[in-house]
Amino acid sequence: MSETNSAAAESAAPHRYTAAMAADIEARWQDFWDAEGTYAAPNPSGDLAGDPAVVARPKKFIMDMFPYPSGAGLHVGHPLGYIATDVFARHQRMSGHNVLHTLGFDAFGLPAEQYAVQTGTHPRTSTEANMENMKAQLRRLGLGHDKRRSFATIDPDYYKWTQWIFVQIFNSWYDSEAKKARPITELVAQFDSGERQAPGTRAWSELDAAERAEVLGGYRLAYASDAPVNWCPGLGTVLANEEVTADGRSERGNFPVFKAKLRQWNMRITAYADRLLDDLDALDWPEAIKLQQRNWIGRSEGARVDFAVGDDAITVFTTRQDTLFGATYMVLAPEHELVDTIVPAAWPEGTHEVWTGGHATPAEAVAKYRAFAASKSDVERQADAKEKTGVFTGAYAVNPVSGDQVPVFIADYVLMGYGTGAIMAVPAHDTRDFAFARAFELPMRCVVQPSDDRGTDASAWDEAFASYDAKLVNSANAEISLDGLGVAEAKEKMTEWLAGRGIGEGTVNFRLRDWLFSRQRYWGEPFPIVYDEDGVAHSLPASMLPLELPEVEDYSPRTFDPDDANTSPETPLSRNEDWVNVTLDLGDGPKRYRRETNTMPNWAGSCWYELRYLDPHNSEKLVDPAIEQYWMGPREGQPHGGVDLYVGGAEHAVLHLLYARFWSKVLFDLGHVSSAEPFHKLYNQGMIQAYVYRDARGFPVPAAEIEERDGQFFFEGEPVKRELGKMGKSLKNAVTPDEICSEYGADTLRLYEMAMGPLDVSRPWDTRAVVGQYRLLQRLWRNIVDETTGEVTVTDAEPDEATLRALHKAIDGAGGDLAEMRFNTAIAKITELNNHLTKAGGALPRTVAEPLVLLVAPLAPHIAEELWCKLGHLDSVVHQDFPVADPAYVVDETVTCVVQIKGKVKARLEIPPTISDEELEKLALADEAVLAALDGAGIRKVIVRAPKLVNIVPA
Ligand code: ANZ
């Protein structure tokens, strides 16, 4: 339609549903919802207590992974999950639930801090501006959030409780017998009474305060320790492994990164490894995510085995203790503390030249190799395909079962942070050991009979035989024989034997590490920790929280000569001396203290935010127990409790979810909450992808300015290449929700995003296709409203049978789909109904128009409110009951078909009227009465007149 034509059409139809009308309708209803508090979810008690009748309904707590308010604002990909949870929440609300749905902001973060470093703008200023912008963008989408419950993690009222939780974690320890966290005071009582011995040689009563603090630090769930970290002097900060490139430089800035030991806060998440693993089973999460969590936790059952080296012993961790007879050498991580002890002054007589790396003494070889290994990241060190490097320490150990002297190497493929940092190498049966043994000409010994025909001379093999499904050989001494046993039995027998001799034991090892919790940054939660003059850490009492971030002049960490490894971080907070040095009364009179000047990592604020939504204004307690129990407590099918639905991207499969689960469990153990899991059901939405157009040099060009001619794409006349990628500013293909709202309205955008495909599948954005959903809404409007007069056209007439069938099928189908989050098929069914009504023509009966509006309401709430209001209702559509299908109209109609044999009626079949001749013939010939009447006789001819008659002529 040309512009003049459409203008003419609009003046002829002033009440047509257009973008302008949508804008008007949407703004009006959004104001109405805000003014009325339409989406307020009542609590059973507290300041948000509300209508007991609503509270008596079943509850649904629905959550999105909350956004970081980035300066770039939202593009159409961001709200996919928010729209989905909104549609679901609306349907649940209309199906009799008390629904809690809101959205906060995860607002501490590096971008605001970097912007502050560059411009001197306080991160709070830029973050709040970004938040305002994002709130306006989100409001336009008509999301039904209980805004009374929204907050940002940077609000001191919120982070007061983040700090408070830190204090709880700091003041507790994990009792591995009770398998739960307990207050540290109970541990102190055990030491005091002598019920428990303090580790080490001295008695608890003999220790001074600093020594006791050191002992307790070994138990606390939050503890400071000298942790090996990636220190980057050029950036002045410690980096996460993910921020370090494969060649040991900072991803940002490309500066050298050094392994350094720094006093850092850690969370003892490893204490919870078993429970974090076990409790996954009862969660309703995608299997792929559970698997990623299991792999991250990485539980391995195996054994520790001691190998004697002179008077010392090297303890290894192995998962294959059955192969102990095949251990022909050992490897220590280069950083292993025993290395210095075992290195002899000179190479032993006859040391193989390849083992020495060409160095004159073992000490020199070890020092050189250590320097080489320190420059590598763990990921790089572990790469399987990589050439194996290492060097002989000059020491030999004794294999405890074969009695052989085995050489001890250091090599970077053994990591200090895993197991014991030492391995027994079984080259015949481990791929990496095999490669190393080949490179260093080390002996191999086959102890597991290969299932192929390669024989048992391992030195002639091309690769290790690493199967579990075979029998042991060559594995006997005077005391123990494993020969002929399967791997599992052999492991068990070997473990028993080792334990009996006191040189080993069965053990479980986890890949999971404690969580490094300190950051040398400004824009994060300050630790509620001060140090006394002896350097002992004390937590602040609740009355001193929140501990607010101080003002500082400069937000950047101090940077150093990039190559100077002998430097250590200086944090932005440490520069505010007045804030750092304080006199406090922590119960034993005023004393001088120094504050901790690191801040918490970004993850902290998102570790417990679900709880704050429940009781957002509570200043006395983390959360009122009755309120927590109501929304989160365990119930049938949800043994650990938790949020009923949590929707977000699969990129948060591990860290965020694991950390949040860990905090939940600590709070549960300490009795602050009744739910031991934060999120019962997890759902990962797919990504909205977008086309990226690249010019001849490979640079992205603005997607909005591409011309398409005969399937070719051009930018400013030049051909460009199209590919599918992420949406975003950097790829010049971002489409904002605001643009689409202006062009069509939020209801159209919502429908389009939900109709694009199944929610968990990624899909390409196509602005040109949005108009399809706009047309649907126009037809819906036209079915109820006269476009010329603006009057409702519905009648009180009874609908015809076909319309009733179409309506109830749509109610049944779309209702089921909405409940199961199949939004695309729900829309398809509503579209089908609307098309039926359009085709049927004429005024709609009210008994059809009203349920139609209710069906649409979760998906396109603004137009639904407007139509509901026009239909004469004074109350919001939001709290109406979702229509219920009449089963009589849902099941297909049937007709009776008569089956005759030689002209006599033998059976009657109830069949759908649309059945094909072939289908009907099959049914008739399979009917029992027909088979009985035929009594085995063959068939000469079947005459079918679907759907009424089948006539069979027997042979
Ligand atoms: C002997 C052996 C024989 C092994 C064999 C494997 C196969 P998962 O399953 O991941 O726990 N290992 C132990 N500590 C290590 C470290 N710090 N760095 C590198 N590798 C280490 O792996 C456990 C196995 O990985 C252990 O079992 C050990 O090698 C190796 F046919 O011991 B095994």
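All figures in this text were calculated on a predicted structure; none of them were measured in a lab.

Q: I'd like a description of the packing of helix α22 (residues 737-744) against helix α23 (residues 746-755), backed by residues and values.
A: Axis separation between α22 and α23 bottoms out at 7 Å; the angle between their running directions is 120°. Accordingly, the angle class assigned to the pair α22 and α23 is oblique. Side by side, α22 and α23 meet where Pro-737, Ile-740, Cys-741 and Tyr-744 of the first sit next to Ala-746, Thr-748 and Leu-749 of the second. Taken together, the residues of the contact of α22 with α23 break down into 6 nonpolar, 1 polar and no charged.

Q: Describe the site of the ligand, naming the residues involved and giving the relevant values.
A: Neighbouring the ligand are 17 residues; Ser-300, Thr-318, Leu-415, Tyr-418 and His-429 lie closest to it. Here Ser-300 contributes a side-chain N or O atom positioned 2.5 Å from an oxygen atom of the ligand. For the shell around the ligand, the elements supplying multiple residues, two or more each, are β9 (312-318) and β13 (422-425). Residue composition of the shell around the ligand, grouped by class: 8 nonpolar, 6 polar and 3 charged.

Q: Describe in detail the sheet that holds strand β2 (residues 98-101), supporting the description with residues and values.
A: Pairing between the strands of a sheet is mediated by backbone hydrogen bonds and can be parallel or antiparallel. Ordered in space as β2-β1-β20-β21, the 4 strands form an open sheet in which the pairing is parallel. Looking along the sheet, the strands with just one partner apiece sit at the ends: β2 and β21 (682-684). Strand-to-strand, the axes of this sheet are offset by a mean angle of 20°, without reference to chain direction. The pairing of strand β1 (residues 59-64) with strand β20 (residues 645-648) spans 3 bridges and is classified as parallel. The partner of Ile-62 across the bridge, within β20, is Leu-645. The strands that helix α4 (residues 80-94) touches are β1, β2 and β20; relative to β1, the one it contacts most, it runs at about 170°. Together, β1 and β2 form the strand contacts of helix α20 (residues 625-632), whose direction differs from that of β1 by roughly 85°.

Q: Tell me what's going on with the nonpolar core, and back it up with residues and numbers.
A: Counting 176 residues, the largest nonpolar core has Phe-166, Phe-517, Trp-663, Met-754, Trp-765 and Ile-784 as its most contacted members. With near-sequence residues (within four places) excluded, Trp-765 lies in contact with Val-76, Ile-688, Gln-689, Met-727, Val-735, Ile-740, Leu-749, Tyr-752, Glu-753, Met-756 and Val-770. Core analysis: the second largest hydrophobic core is formed by 66 residues, Val-391, Phe-434, Ala-490 and Trp-497 among them.

Q: How would you summarise the packing of helix α27 (residues 846-856) against helix α28 (residues 861-870) if you had to cite specific residues and measurements?
A: Following both chains from N to C, one finds α27 and α28 inclined at 155°, their axes separated by 8 Å at the closest point. Judged on the interaxial angle alone, α28 and α27 are roughly antiparallel. The chirality of how α27 crosses α28 is left-handed. In contact with Glu-850, Val-853, Leu-854 and Val-856 of α27, α28 contributes Ile-863, Ala-864, Leu-867 and Trp-868. A breakdown of the residues in the contact of α27 with α28 according to their chemical character gives 7 nonpolar, no polar and 1 charged.

Q: Before we move on, can you summarise the pairing of strand β3 (residues 172-175) with the specific residues and values?
A: Here is the key point about a regular strand: its side chains alternate between the two faces of the sheet. Burial of the side chains of β3 extends over both faces: Ser-172 and Tyr-174 are buried on one face and Trp-173 and Asp-175 on the other. Bridge count for β3 against strand β4 (residues 180-183) is 4 bridges, and the pairing is antiparallel. Bridge assignment links Asp-175 to a residue of β4, and that residue is Lys-180. Connecting β3 to the next strand, β4, in antiparallel fashion are 4 residues, including Lys-179 with a positive phi near 55°.

Q: Outline the confidence of the model for the chain, supporting the account with residue identities and numerical values.
A: Taken over all residues, the pLDDT of the chain has a mean of 94, while the share at 70 or more is 98%. Here residues 1-5 scores under 50 on pLDDT; set against residues more than four positions off or in separate chains, the count is 1 contact.

Q: Mind laying out the pairing of strand β11 (residues 390-398), listing which residues take part and the relevant values?
A: Counting buried residues in β11 gives 7 out of 9 residues, a clear majority hidden from the surface. Judged from the 6 bridges that link them, β11 and strand β12 (residues 405-411) form a sheet pairing that is antiparallel. Bridge assignment links Gly-390 to a residue of β12, and that residue is Ala-411. Taken together, β11 and the strand that follows it, β12, pair antiparallel across an intervening segment of 6 residues, in which Gly-403 is found at a positive phi of about 75°.

Q: Could you give me a rundown of the sheet that holds strand β6 (residues 237-239), with the residues and numbers involved?
A: The sheet built from 4 strands is open, its strands ordered β6-β5-β7-β15 with antiparallel pairing. Looking at which strands have only one partner, the edges of the open sheet turn out to be β6 and β15 (515-516). Of the pairings in the sheet, the one linking strand β5 (residues 222-232) to strand β7 (residues 258-267) comprises 10 bridges and is antiparallel in character. Note that in β7 the partner of Tyr-223 across the bridge is Asn-266. Taken strand by strand, helix α7 (residues 156-170) contacts β5 and β7, and its axis lies near 95° from that of β7.

What counts, and where the lines are drawn
- Residues numbered from 1 in each chain as written.
- Predicted model: local features only at pLDDT ≥ 70, side-chain atom pairs only at ≥ 80, totals over all residues.
- Heavy atoms only, no water.
- Axes fitted to C-alpha atoms, helices over the stretch in contact; angles between N-to-C directions.
- Helix = DSSP H or I, 4+ residues; strand = E, 2+ residues; numbered from the N terminus.
- Parallel < 35°, antiparallel > 145°, perpendicular 65-115°, else oblique.
- Contact = heavy atoms within 4.5 Å.
- Nonpolar A, V, L, I, M, F, W, Y, C, P; charged D, E, K, R; others polar.
- Near = heavy atom within 4 Å.
- Polar contact = N/O pair within 3.5 Å; in protein donor to acceptor, adjacent residues only side chain to side chain.
- Pairing = 2+ DSSP bridges.
- Core = buried A, V, L, I, M, F, W, Y, C linked by side-chain atoms within 4.5 Å.
- Buried < 20%, exposed > 50% of the residue type's maximum accessible area, 1.4 Å probe, protein only.
- Left-handed = near helix turned anticlockwise from the far one by under 90°.
- pLDDT = per-residue confidence, 0-100.

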